[in-house]
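The lines below spell out each chain.
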Amino acid sequence: MNEDKLYDVAIIGGGLAGLALGIQCAKAGYETILFEKEKYPFHKVCGEYISFESWNFLEDLGVPLSQMNLPAIRRLLVTAPNGKELQQDLPLGGFGISRYKLDALLAEIAKRNGVEIIEEAKVRDISFDKKIFNIQYSMFNVQGKVAAGTFGKRSNLDIKWKRKFVLQKPNKLNNYIGIKYHVKTNWPDDLIALHNFKNGYCGISQIEDGKYCLCYLTTAKNLEQSGNYIPIMEKEILYQNPHLQKIFNEAEILYGSPVTISQISFAKKSQVQDHVLMIGDAAGMITPLCGNGMSMALHGSKIVFEQIHLFLQNKIPRWQMEQDYTANWKKHFGKRLGTGRMIQRFFGSKFLSNLLISLLKPFPRLTSKLISQTHGQPF
């Protein structure tokens, strides 16, 4: 890293959105630097299901998906806390791959294409002055013409900027915890399931090498009422759904302790903050019931790159880059997020989730339409 160098693009966060954006920028010939607070490879809380809408885009970036023998997921099973089932074919479908594997692959591709990746680097502040961003981390300062925030669900920068969703009081959309295991179990490789329980839901689907991602979200209150002890919460709350009790009793948990994250918010977020372009979860999280946050992050990187490219070529001013990105983001994802939040409210209630599944079961076309509302087209 050269402190005196002015980078074209500075990216804060090395998840799917950040890495995909970095690769696109580097391939277009822009000097790109990316900051990631962890060291690759690493695990993170994620459902690890990607809609097929992202397949071609990932292969264009350089990920050899066709050679990886990944599970194709074509069917959805949703269960209510009382055990009632709803099964449905997925209109588009998707595939499973762990973030541990995919993020590391994208990081290697980014490096090969010239992205300067600074690992184990937590950005402390970003300021904008005289058309240039100053990015501070550790004892260093880096400058960039464009800055992108791809730092995930909640960060120190969100708090520093006092973003609206951070200041909201705890409610049904902003006070979740996420817990993820990788397991070995007997489960169909083409089926993703979402099992509901009191104030939460748990997904299971296959990833690479015959492993499964078992990931659930619930309220911080559920954990507090269980003495802040995850195994007690699982036995007292998750096991009330007979499907989950069976899965947890039969699964072989890999790698010991689960990966966890707290203070997850599904509230609305801005796509631009102090001239920093927000992408992925930093721009707005889609609920896991929609199973599509990974595709949104990837597609968002493509949408924002198109505007960054025009700006760096001096074809549009900064204000237009920001305005057009926000408009395009909302055009592609606004309805999906709205549908996700609506479904989230049903599944946040034991009574309403039981009722919704009972009502949808006789109407497969309606269920299919709901699912399609949360998925986009190949991009």
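Up top is the structure.
Going along each chain's sequence as written, the residues are numbered from 1 onward. For this predicted model, a pLDDT threshold of at least 70 governs which residues receive local features, and a threshold of 80 or more governs which side-chain atom pairs are given and counted, while totals over whole chains, interfaces and linings are taken from all residues. Heavy atoms from the whole structure form the basis of all side-chain values; hydrogens and water molecules are not counted.

(A) Region of interest: the pattern of salt bridges. Note on definitions: salt bridges are taken to be side-chain nitrogens of Lys or Arg within 4 Å of carboxyl oxygens of Asp or Glu. Within this structure, the stated rule accounts for 9 salt bridges. Between aspartate 103 and lysine 44 there is a salt bridge, and its shortest N-O distance comes to 3.8 Å. Taken together, the residues aspartate 103 in helix H3 (residues 99–112) and lysine 44 in the loop between strand E2 (32–35) and strand E3 (49–51) connect sequence positions 59 residues apart. When accessible area is computed with a 1.4 Å probe and restricted to protein chains, residues below 20% of their type maximum are described as buried, those above 50% as exposed, and intermediate ones as partly exposed. Of the residues examined, aspartate 103 reaches a relative accessible area of 1% and is grouped as buried. For lysine 180, the salt bridge identified is with glutamate 48, shortest N-O distance 2.8 Å. In DSSP terms, a helix is any run of H or I states spanning at least four residues, a strand is any run of E spanning at least two, and both are numbered starting from the N terminus.

(B) Expanded view of H3. Given the number of residues in a helix, its expected span is that number minus one, multiplied by 1.5 Å. Helix length check: H3 (14 residues) gives 20 Å between terminal C-alpha atoms against 20 Å at 1.5 Å per residue, within 8%. Of all the positions in H3, only Arg99, Leu102, Asp103, Ala104, Leu106, Ala107, Ile109 and Ala110 are classed as buried. In this description, contact between two residues means that some pair of their heavy atoms is separated by no more than 4.5 Å. Those residues of H3 that are buried are in contact with helix H1 (16–27), E3, helix H2 (55–61), strand E6 (116–118) and helix H9 (293–312).

(C) Quick look at a nonpolar patch on the surface. Residues forming no salt bridge and having over 30% relative accessible area are the ones grouped into patches, like charges within 9 Å of each other and nonpolar side chains (Val, Leu, Ile, Met, Phe, Trp, Tyr) within 5 Å. Only the protein chains shown count as cover for residues, with accessible areas throughout obtained via the Shrake-Rupley method and a probe of 1.4 Å. Together, Phe351, Leu355 and Leu359 give the surface a local cluster of nonpolar side chains, amounting to about 320 Å² of exposed area. For leucine 355, the position within the fold is in helix H11 (residues 350–360). With relative accessibility at 34%, the residue leucine 355 sits in the partly exposed group.

(D) Seen up close, the state of the cysteines. In this description, a disulfide is simply a cysteine sulfur pair whose atoms lie within 2.5 Å. Counted by the stated rule, this structure contains 0 disulfides. This cysteine, cysteine 213, is not joined by any disulfide, and cysteine 215 carries the nearest cysteine sulfur, 5.1 Å off. By relative accessible area, cysteine 213 is classed as buried at 1%.

(E) The packing of aromatic side chains, seen in detail. Two rings belonging to Phe, Tyr or Trp (six-membered ring only in the last case) form a pair when the distance between their centres is within 6.5 Å. Interplanar angles under 30 degrees mark stacking, angles over 60 mark edge-to-face geometry, and anything in between is tilted. Applying the stated criterion across every chain yields a total of 13 aromatic pairs. For the ring pair phenylalanine 57 and phenylalanine 379, a centre distance of 5.1 Å and an interplane angle of 45° mean the geometry is tilted. With phenylalanine 57 in helix H2 and phenylalanine 379 in the segment after helix H12 (364–373), this pair connects stretches of sequence that are 322 residues apart. With a relative accessible area of 6%, phenylalanine 57 lands in the buried category. Ring geometry for tyrosine 216 versus phenylalanine 248: centroids 6.5 Å apart, planes at 70°, classification edge-to-face. Note that tyrosine 216 is positioned in strand E13 (residues 212–219) and phenylalanine 248 in helix H8 (residues 242–250), a separation of 32 residues in sequence. Judged on exposure class, the residue tyrosine 216 and its partner phenylalanine 248 are both buried.

(F) The nonpolar core, seen in detail. Think of a nonpolar core as a cluster: buried Ala, Val, Leu, Ile, Met, Phe, Trp, Tyr and Cys residues, connected wherever their side-chain atoms sit within 4.5 Å. Leu21, Phe35, Leu58, Leu102, Leu106 and Ile308 are the most contacted members of the largest nonpolar core, which totals 73 residues. Ranked by residue count, the leading element in this core is H9, at 10 residues. Excluding residues within four positions of it along the chain, leucine 102 makes contact with Leu16, Ile50, Leu58, Val63, Ile97 and Met294. In this structure, Tyr181, Leu191, Ile204 and Ile237 belong to the second largest nonpolar core, which totals 25 residues.

(G) Examining the packing of H1 against H9 more closely. Between H1 and H9, the shortest axis-to-axis distance is 8 Å and the interhelical angle comes to 35°. Between H1 and H9 the crossing geometry is right-handed. Across the interface between the two elements, Leu16, Ala17, Ala20, Leu21, Gln24 and Cys25 from H1 touch Met294, Ala297, Leu298, Ser301, Lys302, Val304, Phe305 and Ile308 from H9. As a rule, the C-alpha atoms of each element are fitted with a line to give its axis, helices using only the stretch in contact, and angles between N-to-C directions run from 0 to 180 degrees. Crossings are sorted by hand: turned counterclockwise from the far helix by less than a right angle, the near helix makes the crossing left-handed, and turned clockwise it makes it right-handed.

(H) Seen up close, unusual backbone geometry. A cis geometry characterises the amide bond from tyrosine 40 onward to proline 41, with omega recorded as -10°. With respect to the secondary-structure elements, proline 41 resides in the loop between E2 and E3. For aspartate 209, which is not glycine, the phi dihedral falls at a positive 60°. With respect to the helices, strands and loops of the structure, aspartate 209 is situated in the loop between strand E12 (200–206) and E13. For tyrosine 255, which is not a glycine, the phi torsion comes out positive at approximately 65°.

(I) The sheet that holds strand E11 (residues 191–197), seen in detail. The strand order E3-E5-E4-E11-E12-E13-E10-E14 describes an open sheet built from 8 strands, whose pairing is mixed. The open sheet terminates on both sides in strands that have one partner only, identified here as E3 and strand E14 (252–264). Neighbouring strand axes in the sheet, compared pairwise and without regard to direction, differ in orientation by 25° on average. Across the sheet, H11 lies against strand E4 (72–79), strand E5 (85–96) and E11, angled at about 90° from E5, the strand it touches most. Note on pairing: DSSP must find at least two bridges between two strands before they are called paired.

(J) Examining the packing of H1 against H3 more closely. Interhelical geometry of H1 versus H3 gives an angle of 20° and a closest axis separation of 9 Å. Here H1 lies roughly parallel to H3, going by the angle between them. In the packing of H1 onto H3, the handedness of the crossing is left-handed. Facing H1, whose interface residues are Leu16, Leu19 and Ile23, H3 presents Arg99, Leu102, Asp103, Leu106, Ala107, Ile109 and Ala110. In this scheme, roughly parallel covers angles under 35 degrees and roughly antiparallel covers those over 145, while 65 to 115 is roughly perpendicular and the rest are oblique.

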